[in-house]
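These are the residues of each chain, in order.
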Amino acid sequence: MLKLQELNSVPEGLLELEKVSDLHKVLPQPTLIHLEGDIQQPLFISVLLHANEDTGFFAIQELLKRYTTKSLPRSLSIFFGNIEASKMGLRHLNHQPDYNRVWAGSDHPDCEETRLMQEVVDSISARKPFASIDIHNNTGENPHYGCINQLDSEFLHLASLFSRIVVFFETPKGVQSMAMSKFCPSVTIECGKPHLAHGVEHATDFIETVLHLETIKPHATHKPDIEVYHTVARVTIPETNSFSFSTSENSPDLDKSDIIFAANIDRINFTKLPANTVFGRIRSQSNARLIAWDDQEKDVSDNYFVIDGDKLTLSKSLMPAMLTLDKKIVRQDCLCYLMENINV
């Protein structure tokens, strides 16, 4: 049975771990750690909701090492999520739901994981949190950016402290940042690929900055120099269609895969693409397609993609994000998101 563990101190051995796969030796189950600081109202941070994304864990480890001999400037509550999957370095295990799709507001049916996340929300909301940060990585080539669920000045300001690139999204539902947005300014920070030192450093410095804030309200005259994008569609590949990535337009993979993408397609993440850009190629007579889903989970593929012979092209100018070459992630989550710039 899945059970939340709550602690009021850093357990022995946590700061010495060199591999996330060994975390279960210190924390055998999902754990919420509450640490007192000079200001009582806590900052809430969640890590390892996707257990293959380790930047958050190492950022917390580095942060706590900085404060082994001095008090935290603000109280801190930290949730360590999918401990079981961290043993294997996987996003989640086959029998598990995605730990960042089962928070309050999710369409996922009631299960141990939805109840676990509700326990976390109840515990944190009772402490009247100052702000919430959910730390993630992605598998493709992406800049560091912040994600928010409300176009409120406090949310925008919080995200701008991490990056000048901010993404506003309303789906998928059941994510941590959306659940916590009902109680405080919340942000998901995307720290690039896992296992990279500069991602850990950036996340650690951001957490420290927020810990030292007295307020998140920006000055009335301050307008952050940020670029804000809105996700307009989530792109998936039908389970009945095979796909691959290739360096050649004449690749023999075209005879085997229904859809073929460039081997470096993730390099166009956060690049504004003009209409008629070739996004991929379709095997003849395969009837393959990409499906674009809007925020209401409606198929809006015809609004964004056109099939012209063997070419899959964009019907309008768009910016993709989170394109990945990891086939398992494509199947578990999606191929990418499509975005448009918005004025705030």
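One can find the structure itself at the top, above this paragraph.
Report follows, based on the coordinates. What you see is a predicted model; the values in this text were computed from it and never measured. (Residues numbered from 1 in each chain as written. Predicted model: local features only at pLDDT ≥ 70, side-chain atom pairs only at ≥ 80, totals over all residues. Heavy atoms only, no water.)

## Points about the overall build of the protein chain
As a reminder of what qualifies: Per the convention used, a helix needs a DSSP run of H or I reaching at least four residues, while a strand needs a run of E reaching at least two, with both numbered from the N terminus. Only protein chains enter the area calculation, which uses a 1.4 Å probe; residues under 20% of their type maximum are buried, those over 50% are exposed, and those in between are partly exposed. The contact rule is simple, with two residues in contact once any of their heavy atoms fall within 4.5 Å. Residues scored as positive are Lys and Arg, those scored as negative are Asp and Glu, and His as well as the terminal groups of each chain are ignored. Taken as the charge centre is NZ of Lys, CZ of Arg, CG of Asp or CD of Glu, depending on the residue.
Assigned secondary structure in the protein chain consists of seven helices and 17 strands. Here the C-alpha coordinates of the protein chain stretch approximately 65 × 50 × 35 Å along the principal axes. Evaluated residue by residue, the protein chain yields a buried proportion of 58% over its 344 residues. If you take every contact in the protein chain between residues at least 6 apart in sequence, the share linking residues at least 24 apart comes to 74%. For the protein chain, the centre of its 32 positive side-chain charges and the centre of its 46 negative side-chain charges are spaced 2 Å apart.

## A look at the pattern of salt bridges
Opposite charge on two side chains permits pairing when their charged atoms draw close. Inclusion rule: A pairing counts as a salt bridge when a side-chain nitrogen of Lys or Arg comes within 4 Å of a carboxyl oxygen of Asp or Glu.
All chains considered together, the criterion is met by 16 salt bridges. One salt bridge in this structure joins Asp-333 and Arg-91, with 3.5 Å as the shortest N-O distance. Taken together, the positions of Asp-333 in the loop between helix H7 (327-332) and strand S17 (336-342) and Arg-91 in the loop between helix H2 (83-86) and helix H3 (112-125) put the pair 242 residues apart, joining distant regions of the chain. The same class applies to Asp-333 as to Arg-91, namely buried. Of the charged contacts in the structure, one is a salt bridge between Arg-164 and Asp-225, with a shortest N-O distance of 3.5 Å. Highlighted residues: Arg-164 in the loop between helix H4 (153-160) and strand S7 (165-168) and Asp-225 in the loop between helix H6 (197-211) and strand S9 (227-236), separated in sequence by 61 residues. The class of Asp-225 is exposed, set by a relative accessible area of 59%. Three or more residues are tied together by salt bridges with common partners; here these are Glu-62, Arg-66, Asp-205 and Glu-208.

## Topic: the packing of aromatic side chains
Definition in use: Two aromatic rings, drawn from Phe, Tyr or Trp (for Trp, its six-membered ring), form a pair once their centres lie within 6.5 Å of each other, and the interplanar angle then sorts them: stacked below 30 degrees, edge-to-face above 60, tilted otherwise. For a lysine, the NZ atom is tested; for an arginine, the CZ atom; a charge sits over a ring if that atom is within 6 Å of the ring centre and within 35 degrees of the ring normal.
In the structure shown here, the tally under the stated rule is nine aromatic pairs. Pairing Phe-57 with Phe-80 gives two aromatic rings, centres 6.3 Å apart and planes at 70 degrees, and the pair type is edge-to-face. Residue Phe-57 is found in helix H1 (residues 55-66), and its partner Phe-80 is found in strand S4 (residues 72-80); the two are separated by 23 residues along the sequence. By relative accessible area, Phe-80 is classed as buried at 0%. Geometrically, the ring pair formed by Tyr-229 and Phe-270 is edge-to-face, given 6.4 Å between the ring centres and 80 degrees between the ring planes. With Tyr-229 in strand S9 and Phe-270 in the loop between strand S11 (259-262) and strand S12 (278-282), the pair connects residues that are 41 residues apart, well separated along the chain. On the basis of relative accessibility, which here comes to 14%, the residue Phe-270 falls in the buried class. Put simply, the rings of Phe-57, Phe-58 and Phe-80 touch in pairs and so form one group of aromatic residues. A cation over an aromatic ring shows up here: Arg-74 above the ring of Phe-130, its NZ or CZ 3.6 Å from the ring centre. Stacked on the ring of Phe-243, the Lys or Arg Lys-327 has its end atom at 5.6 Å from the ring centre.

## Comments concerning the nonpolar core
Let me state the cut-off plainly: Nonpolar cores were defined as sets of buried Ala, Val, Leu, Ile, Met, Phe, Trp, Tyr and Cys residues, with membership established by side-chain atoms within 4.5 Å.
The biggest cluster of nonpolar side chains holds 50 residues, and the ones touching the most others in it are Phe-80, Ile-133 and Ile-207. Among residues more than four places away in sequence, those in contact with Ile-207 are Leu-43, Ile-45, Ala-59, Ile-60, Leu-63, Ile-133 and Ile-135.

## A few points about the environment of Val-167
Take Val-167: it is sitting in strand S7. As a C-alpha pair, Val-167 and Val-210 span 43 residues in sequence and 19 Å in three-dimensional space. With near-sequence residues (within four places) excluded, Val-167 lies in contact with Tyr-145, Gly-146, Cys-147, Ile-148, Tyr-229, Thr-231, Phe-270 and Met-339.

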